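Residue-level listing of the chains:
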Amino acid sequence: MRLKTTGRYQIILENVRQIPKGKVATYGDIARLSGFLNCARLVGYALNSLPDESTIPWHRVVNSQGKISFPKYSTAYKTQQRILKKEGIIFESERIDLKKYGWLQFNRFKIKR
DNA sequence: AACGTGACAAGGC
DNA sequence: AGCCTTGCCACGT
């Protein structure tokens, strides 16, 4: 559970740190911003490695559906939701409006295979 | 060096 | 709207 200081996700974590209060970004957004297209999973992997005392706003990262990527009744889920609400973000049936709160506003759904 | 994995994403049904 | 499958790719082991 150590925060590594080298490697790709150092970049990722720096970008997560830039997300302003009251906004959110998706895992895919952060991956693209960091220059790792299609590496959304890596972002989750990087956040998972954060120590508890980290000041990086991990809670401002949600999935592409605007939902929290933790099991609904887990403590992590509740913690994240509580912090986001405290920052002024409103949930509508467990979901965040990314049009309203999305930080980067990349063209989701644009990339095809 | 190979293999399984994940706090994901997109598409099909 | 959900659930399932497939694609993804760096990381750890």
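Chains are numbered independently. Their residues run from 1 in the order of the written sequence. Chain letters and ligand numbers both follow the written order, the letters beginning at A and the numbers at 1. A pLDDT threshold of at least 70 governs which residues receive local features in this predicted model, and a stricter bar of 80 or more applies before side-chain atom pairs are shown or counted, although totals over entire chains, interfaces and linings include all residues. The basis for the side-chain values is all heavy atoms of the structure; hydrogens and waters are excluded.

### Thoughts on the confidence of the model for chain A
Alright, step 1. Residue-level confidence of the predictor is what pLDDT reports, using numbers from 0 through 100. Per-residue confidence for chain A averages 85 on the pLDDT scale, and 86% of its residues sit at or above 70.
Alright, step 2. When mean pLDDT is taken per element in chain A, strand β2 (residues 61-62) scores highest with 96 and helix α1 (residues 8-17) scores lowest with 87.
Alright, step 3. The criterion used for residue contact is that any of the two residues' heavy atoms lie within 4.5 Å. Here residues 1-5 scores under 50 on pLDDT; set against residues more than four positions off or in separate chains, the count is 9 contacts.
Alright, step 4. Predicted confidence is poor over residues 109-113, with pLDDT under 50, and the contacts of this stretch with residues over four places away or in other chains come to 2 contacts. Counting from the N terminus, the helices are DSSP H or I runs at least four residues long and the strands are E runs at least two residues long.

### Section: the side chain of Arg-60
Alright, step 1. When you line up the elements, Arg-60 lands in the loop between α3 (40-48) and β2.
Alright, step 2. For Arg-60, the contacting residues outside a window of four places in its chain are Ile-19, Pro-20, Lys-21, Lys-23, Val-24, Ala-25, Leu-84 and Glu-87.

### Looking at the side chain of Asn-15
Alright, step 1. Relative to the elements of secondary structure, Asn-15 occurs in helix α1.
Alright, step 2. Among all residues touching Asn-15, those that are not within four sequence positions of it are Ile-30, Leu-33, Ser-34 and Trp-103.

### Notes on the nonpolar core
Alright, step 1. Ile-12, Leu-13, Val-16, Ile-30, Val-43, Leu-47 and Val-61 are the most contacted members of the largest nonpolar core, which totals 16 residues.
Alright, step 2. Of all the secondary structure elements, the ones that give two or more residues to this core are α1, α2 (27-33) and α3.
Alright, step 3. Among the elements that take part in this core, α1 stands out by supplying 4 residues, more than any other.
Alright, step 4. Beyond its immediate chain neighbours, meaning those up to four positions away, Val-43 contacts Ile-12, Tyr-27, Ile-30, Ala-31 and Val-61.
Alright, step 5. Take the buried residues of types Ala, Val, Leu, Ile, Met, Phe, Trp, Tyr and Cys, join any two whose side-chain atoms come within 4.5 Å, and each joined set is a nonpolar core. Three labels apply to residues, based on accessible area from a 1.4 Å probe with only protein chains included: buried if under 20% of the type maximum, exposed if over 50%, partly exposed otherwise in between. Counting 10 residues, the second largest nonpolar core, distinct from the first, contains Val-24, Ile-89, Ile-96 and Leu-98.

### A closer look at the protein's contact with DNA strand B
Alright, step 1. With respect to spatial proximity, 14 residues lie near DNA strand B, and among them Tyr-27, Arg-41, Trp-58, Asn-63 and Ser-64 are the closest.
Alright, step 2. Here the surface near DNA strand B is composed, by residue class, of 6 nonpolar, 7 polar and 1 charged. Nearness here has a simple test: a residue counts as near a molecule or strand if at least one of its heavy atoms is within 4 Å of that partner. Note on residue categories: nonpolar means Ala, Val, Leu, Ile, Met, Phe, Trp, Tyr, Cys or Pro, charged means Asp, Glu, Lys or Arg, and polar means any other residue, Gly included.

### Let's talk about helix α4 (residues 75-86)
Alright, step 1. Working rule for helices: expected span equals 1.5 Å times residues minus one. In this model α4 runs 16 Å from its N-terminal to its C-terminal C-alpha over 12 residues, within 8% of the 16 Å that 1.5 Å per residue would give.
Alright, step 2. For α4, the set of buried residues is Tyr-77, Gln-80, Gln-81, Ile-83 and Leu-84. Along the long axis of α4, the arc covered by the buried residues comes to 165°, so they all point the same way. What points out from α4, more than 90 degrees from its buried face, is the exposed set Thr-75 and Lys-86.
Alright, step 3. In this structure, the buried side of α4 is in contact with β2.
Alright, step 4. Of the residues flanking the end of α4, it is Gly-88, one or two places downstream, whose phi is positive at about 95°. Throughout, the arc means that of the directions going from the helix axis to the C-beta atoms.

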